[in-house]
Amino acid sequence: MNNGCFIYEDTFLSLLNLIHYLLKNAIKPDKIKNTSYSPNLFDEVVHLTILEEKEIFNKVIQLIGSYATRALYYVFLSNEENKELILYYLLLNGQKYKDKILFHRHLRCVSETIRISNYVIHEVHKYKGFVRFQELENHILYAEVEPVNDVLELIAPHFKKRLKNDYWIIKDVRRNRLSLYDKKNYYLVSGHEFSLETTLKSHEEQKVEELWKAFYKTIGIQERKNERCRMNFMPKKYWKYMLEMEDEL
Amino acid sequence: MELKEKLQILADSAKYDASCSSSGSHRKTTHGIGNVAVSGICHSFSSDGRCISLLKILLTNCCIFDCKYCLNRKNNTIKRAIFTPEEICEVTINFYRRNYIEGLFLSSGIVKSPDYTMELLIETLRLLRKKYHFGGYIHAKAIPGASEKLLKELGSLVDRLSANIELPTENGLKLLAPNKDSSKVHKIMQYVKTNQNNQYVPAGQSTQMIIGATKESDLEIMEKSSHLYDTYHLKRVFYSAYIPVNKDSLLPSLEKPPLKRENRLYQADFLLRFYHFKVKDLLNPDNPNFNILVDPKADWALRHLDEFPKEVTTSSYHDLLKIPGIGVKSAKRIIYSRRVFKLCFDDLKKMGVVLKRAKYFITCGGKYFLDSSLFKKEFIEKNLVLEEFIPEKKEFEQLRLFNE
């Protein structure tokens, strides 16, 4: 059963359970993939029925500490192709190095975990600033984002605290997923259950948008113009959903 | 006048203030709209590459002062405008709800008197906090010369206060800003320092100096900064390259704003605050200005080559910080990691060490990165200069850290 391609049920918990099983039985996987993976000719696909224990989460925290566990979760949310194998090797080495695991940057699984989780954290931070809401006629605030990593659930808590007295929706266009907030809690739902196509902008919206664009144009100092510096901090991939960049696209 | 035109006039008048940080505040909010993020959040970047975090505006650009360098000096024939408190609140809330901004940066020209101006600022911010229940970040300018009572009230409404020192020496200030008196600015700083707590100016105070409008050397500027940090515990001193907006015989005529000099001052400022350097390490009366070709830390290292190369596997944290290409974060990572495994050059790179600069100044496990016969001042200096001035790498930007 060595060198198989192991499939997990798309959730973090299910992945942890699978890795735990593999480690316990000393199985070295060739690949670990979620259910949407389409195997190639040479893959020896293995579906295991593993009893999912919720306890696994605490077990991992006990093993490598909560800080490293959080990094693990960020890697899980990333768009990295071999993220599952990286996590497998991280936990494999975690058995030896325990809560000191992240100090071992000479191990590739550690340096990759740190690199990828930093990338996810970085993207979350960028989106806290770059999300642009527009007000719809029913006063709901609506924003679209297109993050590389699956960060919607990391962005939502920030806006729950910040815009607690507004109804708002953030749509991940890439994954067709929505985060909805009803002034109490936020929910993550699939986009198929929801359509906004017929909803118009509020009558105030246009005026506010024009004010913002005017402010943006005014605040730049001509004598200091620095295209490269702006691009470093605000790469073009964000521009599509940023109102003030509309005219420069 | 239309609101849009007002906004354009009063943002245009405010844009020369360098500060836009929204970090450092731990203030808790329970109800209403908005909160603060201790890391600070940049919401956009303007065409000059500067971060846009706050709605940076003046309450009015009418001013009774005649500061030679300022767009809003009283003798300039420009369009003048004044916001009503409601207008400022409406725009702030509308921008904030759409996540355009992290909060408001409110400054003002001096109308009638310092006290009167300060009262206008307070009225606006009180409305924003108490009626609109705005919990986001507010940075306000304190008006020098206003009464202590008003300073007390303003400080309780904002996250950060600032009063600009404008020029590094008294003489400079007398020459270009005859109506300003630096002792009044120092009085504000002293008051804020004494009273600062979780309810009063929780994100601390900052100030700004204009660079290149007067003849002061970098040494004078850095000594001023160092004095301000030590005496008033300022969070930041901002440096703003002088941009000629007015014609006046007292002002220098510059082709371009001195952006590289500004960049060097920011680098040195960080060395003072986070790298345990003193002004006298970096500059002295015989050598009063920074080397434009090499950054201040590398420049220091080149003048102290006898202390190098340093061995990264054994050097203290303090010593690691002195190495060009190693920052606060990478120095900490080195300290943690070398306890658990044997470092090699490749590991250093993964830890964020900028090897293309550090490689000249370190050994790792006794090995020098290059041929050890190349450890010569001329060779290192030449390569560092080339590194910085390769055209594609050329960037003049204000240094930023998320956590100040």
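Every value quoted in this text rests on a predicted model; they were computed, and no experiment measured them. Here the residue index of a chain counts from 1 through its sequence in written order. By the order in which they are written, chains take letters starting at A while ligands take numbers starting at 1. In keeping with the predicted nature of the model, local features appear solely for residues at pLDDT of at least 70, side-chain atom pairs appear and are counted solely at 80 or more, and the whole-chain, interface and lining totals rest on all residues. To get the side-chain values, take all heavy atoms of the structure and skip hydrogens and water.

Engineer: Please clarify how the overall build of chain A should be interpreted in this entry.
Structural biologist: By definition, any uninterrupted DSSP run of H or I lasting at least four residues is a helix, any uninterrupted run of E lasting at least two residues is a strand, and each is numbered from the N terminus. A count of helices and strands for chain A gives seven helices and eight strands. By its C-alpha atoms, chain A is 65 × 45 × 40 Å across when sized along the principal axes. Note on classification: 1.4 Å probe, protein chains only; a residue is buried when its accessible area is under 20% of the maximum for its type, exposed when over 50%, partly exposed between these limits. In chain A, which comprises 249 residues, the proportion classed as buried is 50%. What makes two residues a contact is simply this: any of their non-hydrogen atoms within 4.5 Å. At a minimum sequence separation of 6, the contacts of chain A that also span at least 24 residues come to 65%.

Engineer: Explanation requested: unusual backbone geometry in the structure shown.
Structural biologist: The general pattern is negative phi for most residues beyond glycine and trans for most peptide bonds. All names here are of chain B. The step from Phe308 to Pro309 runs through a cis peptide bond, and the omega angle for that step is -10°. As for its position among the elements, Pro309 is in the loop between helix 10 (296–303) and strand 9 (310–311). Phi at His133 is positive, roughly 50°, even though this residue is not glycine. With respect to the helices, strands and loops of the structure, His133 is situated in the loop between helix 3 (114–131) and strand 5 (137–141). Residue class for His133 comes out partly exposed when judged on its relative accessible area of 35%.

Engineer: What am I meant to see in helix 10 of chain B here?
Structural biologist: For an α-helix, 3.6 residues make a turn, and residues three or four places apart therefore share a direction. Residue and element names in this part refer to chain B. Of all eight residues in helix 10, seven are buried; the element is thus mostly enclosed. Residues of helix 10 that are buried: Pro296, Lys297, Ala298, Asp299, Trp300, Ala301 and Leu302. For helix 10, the elements touching its buried residues are helix 8 (259–274), helix 9 (279–282), helix 14 (355–358) and helix 15 (377–389). The definition of a polar contact used here is a pair of N or O atoms within 3.5 Å, where within protein one atom must be able to donate a hydrogen and the other to accept one, and adjacent residues in sequence count solely through side-chain atom pairs. Sitting at the amino-terminal end of helix 10 is Asp295, which places a side-chain oxygen 3.1 Å from the backbone nitrogen of Lys297.

Engineer: When you look at the packing of aromatic side chains in this model, what are you seeing that I'm missing?
Structural biologist: The geometry of two aromatic rings is summed up by the distance between their centres and the angle between their planes. All names here are of chain B. Centre distance within 6.5 Å is the pairing criterion for rings of Phe, Tyr and Trp, where only the six-membered ring of Trp is used; planes under 30 degrees apart are then read as stacked, over 60 as edge-to-face, and the remainder as tilted. Inspection of every chain in the model, using the stated rule, returns 29 aromatic pairs over all chains. Taking the centre distance of 5.7 Å and the plane angle of 45° together, the rings of Phe270 and Phe274 count as tilted. Residue Phe270 and its partner Phe274 are both found in helix 8; the two are separated by four residues, about one turn of the helix. An aromatic cluster is built from Phe277, Trp300, Phe308, Tyr360, Phe361 and Phe379, whose rings are joined through pairwise contacts. Of note, Lys112 hangs over the ring of Tyr116, and the distance from its end group to the ring centre comes to 4.4 Å. Taking NZ or CZ as reference, Lys322 lies 4.0 Å from the ring centre of Phe277, over its face. Look at NZ for Lys and CZ for Arg. If either is within 6 Å of the ring centre and within 35 degrees of the ring normal, a charge sits over the ring.

Engineer: Hey, could you run me through the domain arrangement of chain B in this one?
Structural biologist: Many structure descriptions define interface size as the accessible area lost when the parts assemble. Residue and element names in this part refer to chain B. Splitting chain B by domain gives domain 1 (3–282) and domain 2 (296–393). Annotation comment: domain bounds sourced from an automatic or database domain assignment. For domain 1 versus domain 2, the separation of C-alpha centres amounts to 37 Å. Tallying the contact residues gives eleven residues for domain 1 and eleven residues for domain 2. Summing both sides of the interface, domain 1 and domain 2 together bury roughly 1000 Å²; the carbon and sulfur share of this comes to 63%. Once two parts are put together, the accessible area they lose, assessed with a 1.4 Å probe and summed over both, is termed the buried area. When residues of domain 1 are sorted by the area they lose upon contact with domain 2, Tyr275, His276 and Phe277 head the list and together hold 49% of the total. Broken down by secondary-structure element, the contributors of at least two residues to the side of domain 1 that touches domain 2 are helix 8 and helix 9. In terms of residues, the side of domain 1 that touches domain 2 owes the most to one element, helix 8, which gives six residues. Any residue outside Ala, Val, Leu, Ile, Met, Phe, Trp, Tyr, Cys, Pro, Asp, Glu, Lys and Arg is labelled polar, Gly included; the first ten of those are nonpolar and the last four are charged. Among the residues forming the side of domain 1 that touches domain 2, the class breakdown is six nonpolar, two polar and three charged.

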